[in-house]
Amino acid sequence: MSLKFDIQPTAHPTSDEVRAARLADPGFGRVFTDHMAIVRYDQAKGWHDARIEARANFPLDPAMAVLHYAQEIFEGLKAYKRDDGGVNLFRPDANARRFRHSADRMAMAQLPEDVFIEAVEQLVRIDRAWIPGGEGSLYLRPFMIASEVFLGVKPSSEYIFAVIASSVGSYFKGGPAPVSIWVSENYTRAAIGGTGAVKCGGNYAASLRAQAEAIENGCDQVVFLDAVERKYIEELGGMNVFFVFDDGSLLTPPLGTILPGITRDSIIQLAMDAGKTVREEPYTIEQWRADAASGKLKEAFACGTAAVISPIGKVRSASGDFVINGGAAGPVAMGLRKQLVDIQYGRTNDPHSWIRKVL
């Protein structure tokens, strides 16, 4: 399926001076561009009315389905400015594919992957001036909400797909700093057969109380254990996790109840390219503690689109704390991070054709 987007530039663009001031220190998720992409769906017409238009509020009927039954999914990806002035997207096909799978699990209309990619590319083209230089990027948030007006527990027959964009600076000022992790023993993230592998807002809403508990205990992030035996490491509040051992191998929890992260998949591939063994196996919190104490575990790190890779320096729990690699960032995590970022910004070879040049 292919849709032609009607391009309607805003009548009130942000001035160069105001935009430059906002891009000087954009932070993360606070500075938004002038436009958004919109595509609508209903059962009679299918996907239609594809537009790029001025970013604006949605009119929301109080009975709109998303407000009551939480049919909502989203994605996150970035556009990167190359040294030659062009713009790269990193594996948008993988985001489009995961978005379709999320829609299927949430009983929502499945957006064709080429429409997803076209919407992202058109928005990047019209708002390219909002991409910061250096280690900054344009964070893209495609999402879909159930828009039918009704009260009743059933899948909506109408949806709005949209893409908005936010200028973001480097996630870590001065380089990645090791983070501290709180082990959640009171809350779980997902169970077998649930929505753990889906990028839907409900998963993140359910993680917020555990994240607040982590902050209350002086930690940066929370890590969840499995919902059945309460001992296997799953993932952080918004990131996948890896472990690096003294034999050079890496381990990451298996898919099923966790999000199939695109950064996670990329790291697995890059590590295998380097001749490293990568195991996707269950790993318990007690084994993590024992391996850190014995020195068998050399590094642990979290990964995701926003931060790319975050070294884990300290793990805290009600059962006691332990430190990894003396609390410092390790060479494997930092080497993989540099390799991945260099591919994203077009500074090195792209052996797996992950980059899609928009401009």
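Residues numbered from 1 in each chain as written. Predicted model: local features only at pLDDT ≥ 70, side-chain atom pairs only at ≥ 80, totals over all residues. Heavy atoms only, no water.

Asks: Can you walk me through the overall build of the protein chain in this structure?
Replies: Secondary structure summary: the protein chain contains 8 helices and 19 strands in total. Once the C-alpha set of the protein chain is aligned to its principal axes, its extents read approximately 60 × 50 × 35 Å. Here the protein chain holds 359 residues, and the buried ones make up 54% of them. In the protein chain, 71% of the contacts between residues at least 6 apart in sequence involve partners at least 24 apart. In the structure as shown, the protein chain presents an accessible area of about 15,600 Å², 50% of it carried by carbon and sulfur atoms. Taking the 39 positively charged and 43 negatively charged side chains of the protein chain as two groups, their mean positions are separated by 2 Å. (Helix = DSSP H or I, 4+ residues; strand = E, 2+ residues; numbered from the N terminus. Buried < 20%, exposed > 50% of the residue type's maximum accessible area, 1.4 Å probe, protein only. Contact = heavy atoms within 4.5 Å. Areas by Shrake-Rupley, 256 points an atom, 1.4 Å probe, with all protein chains shown as cover. Lys, Arg positive; Asp, Glu negative; His and termini not counted. Charge placed at Lys NZ, Arg CZ, Asp CG, Glu CD.)

Asks: Would you mind showing me how to read unusual backbone geometry here?
Replies: Trans peptide bonds make up most of the peptide bonds, and negative phi angles are found at most residues other than glycine. A positive phi angle, close to 60°, is found at Ala107, a residue other than glycine. Structurally, Ala107 can be placed in the loop between α3 (92–105) and α4 (113–126). Within the chain, Asn325 stands out as a residue other than glycine whose phi angle is a positive 55°. With respect to the helices and strands, the residue Asn325 is situated in the loop between β18 (322–323) and α8 (331–344).

Asks: Explain a nonpolar patch on the surface to me, please; I cannot follow it from the model alone.
Replies: A cluster of nonpolar residues, Tyr69, Leu151 and Val153, forms a patch on the protein surface that exposes about 340 Å² of accessible area. Summarising the element assignment, Leu151 is placed in the loop between β8 (137–146) and β9 (158–168). Since its relative accessible area comes to 63%, Leu151 is described here as exposed. (Patch = residues over 30% accessible without salt bridge, like charges linked within 9 Å, V, L, I, M, F, W, Y side chains within 5 Å. Salt bridge = Lys/Arg side-chain N within 4 Å of Asp/Glu carboxyl O.)

Asks: I'm lost on the state of the cysteines in this one. Help?
Replies: This model, assessed by the stated rule, comprises 0 disulfides. Left without a disulfide partner, Cys219 is nearest to the cysteine sulfur of Cys303, which lies 19 Å away. Cys200 supplies the cysteine sulfur nearest to Cys303, a cysteine that is in no disulfide, at a spacing of 19 Å. According to the relative accessible area criterion, Cys303 is buried, its value standing at 1%. (Disulfide = S-S within 2.5 Å.)

Asks: Sorry, what's going on with α4 here?
Replies: Residues separated by three or four positions in an α-helix point in the same direction, a consequence of the helix having 3.6 residues per turn. Between its first and last C-alpha atoms α4 spans 20 Å; for 14 residues at 1.5 Å apiece the expected length is 20 Å, and the two agree. Among all positions in α4, only Val115, Phe116, Ile117, Ala119, Val120, Glu121, Gln122, Leu123 and Val124 are buried. (Expected span 1.5 Å × (residues − 1).)

Asks: In this structure, what is going on with the pairing of strand β4 (residues 46–54)? I would like to understand it.
Replies: Each regular strand carries side chains that alternate between the two faces of the sheet. Here β4 lies mainly inside the structure; 7 of its 9 residues are buried. By the bridge criterion, 2 bridges tie strand β1 (residues 6–7) to β4 in an arrangement that is parallel. In the strand pairing of β4, Ile7 is matched with Ile52. Bridge count between strand β3 (residues 35–42) and β4: 7 bridges; the pairing is antiparallel. (Pairing = 2+ DSSP bridges.)

Asks: Any chance you could explain the environment of Leu111 here in plain terms?
Replies: Among the structural elements, Leu111 can be located in the loop between α3 and α4. Given the relative accessible area of 1%, Leu111 is considered buried. Remark: the alpha-carbon pair of Leu111 and Val31, spanning 80 residues in sequence, is separated by 27 Å. Apart from residues lying up to four places away in sequence, Leu111 is in contact with Trp47, Phe99, Arg100, Phe116 and Phe161.

Asks: Can you help me understand the pairing of β9 in this one?
Replies: Across the 11 residues that make up β9, a large majority, 10, are buried. Here β3 pairs with β9 via 6 bridges, running antiparallel. From the neighbouring strand, Ile38 faces β9, where its bridge partner is Ala162.

Asks: What exactly am I supposed to notice about the pattern of salt bridges here?
Replies: Pairs can form between side chains of opposite charge whenever their charged atoms are close. All chains considered together, the criterion is met by 21 salt bridges. A salt bridge links Glu148 to Lys154; the nearest nitrogen and oxygen atoms lie 3.2 Å apart. One salt bridge connects Asp342 with Arg347, and the closest N-O pair in it is separated by 3.4 Å. Accessibility expressed as a relative area gives 13% for Asp342, which makes it buried. One connected set of salt bridges, linked through shared partners, spans Arg40, Asp49, Arg51 and Glu53.

Asks: Please explain the environment of Val87 as it appears in this structure.
Replies: In this fold, Val87 is placed in strand β7 (residues 87–90). What makes Val87 buried here is its relative accessible area of 2%. Through-space distance from the C-alpha of Val87 to that of Gly261 is 23 Å; in sequence the pair is 174 residues apart. Contact partners of Val87, with chain neighbours within four places excluded, come to Ala79, Tyr80, Arg82, Val124, Ile131, Arg356, Lys357, Val358 and Leu359.

Asks: Even after reading the chapter, I still don't get the packing of aromatic side chains, so can you show me in this structure?
Replies: The relation between two aromatic rings is expressed through the spacing of the ring centres and the mutual angle of the planes. Tallying each qualifying case throughout the model produces 16 aromatic pairs. Pairwise contacts between aromatic rings join Phe243, Phe245, Tyr283, Trp288 and Phe322 into one cluster. Positioned above the aromatic ring of Trp130 is the side chain of Arg19, whose terminal nitrogen or guanidinium carbon lies 5.8 Å from the ring centre. Over the aromatic face of Phe32 sits the side chain of Arg55, whose NZ or CZ is 4.3 Å from the ring centroid. (Phe/Tyr/Trp six-rings, centres within 6.5 Å; stacked < 30°, edge-to-face > 60°. Lys NZ or Arg CZ within 6 Å of the ring centre and 35° of its normal.)

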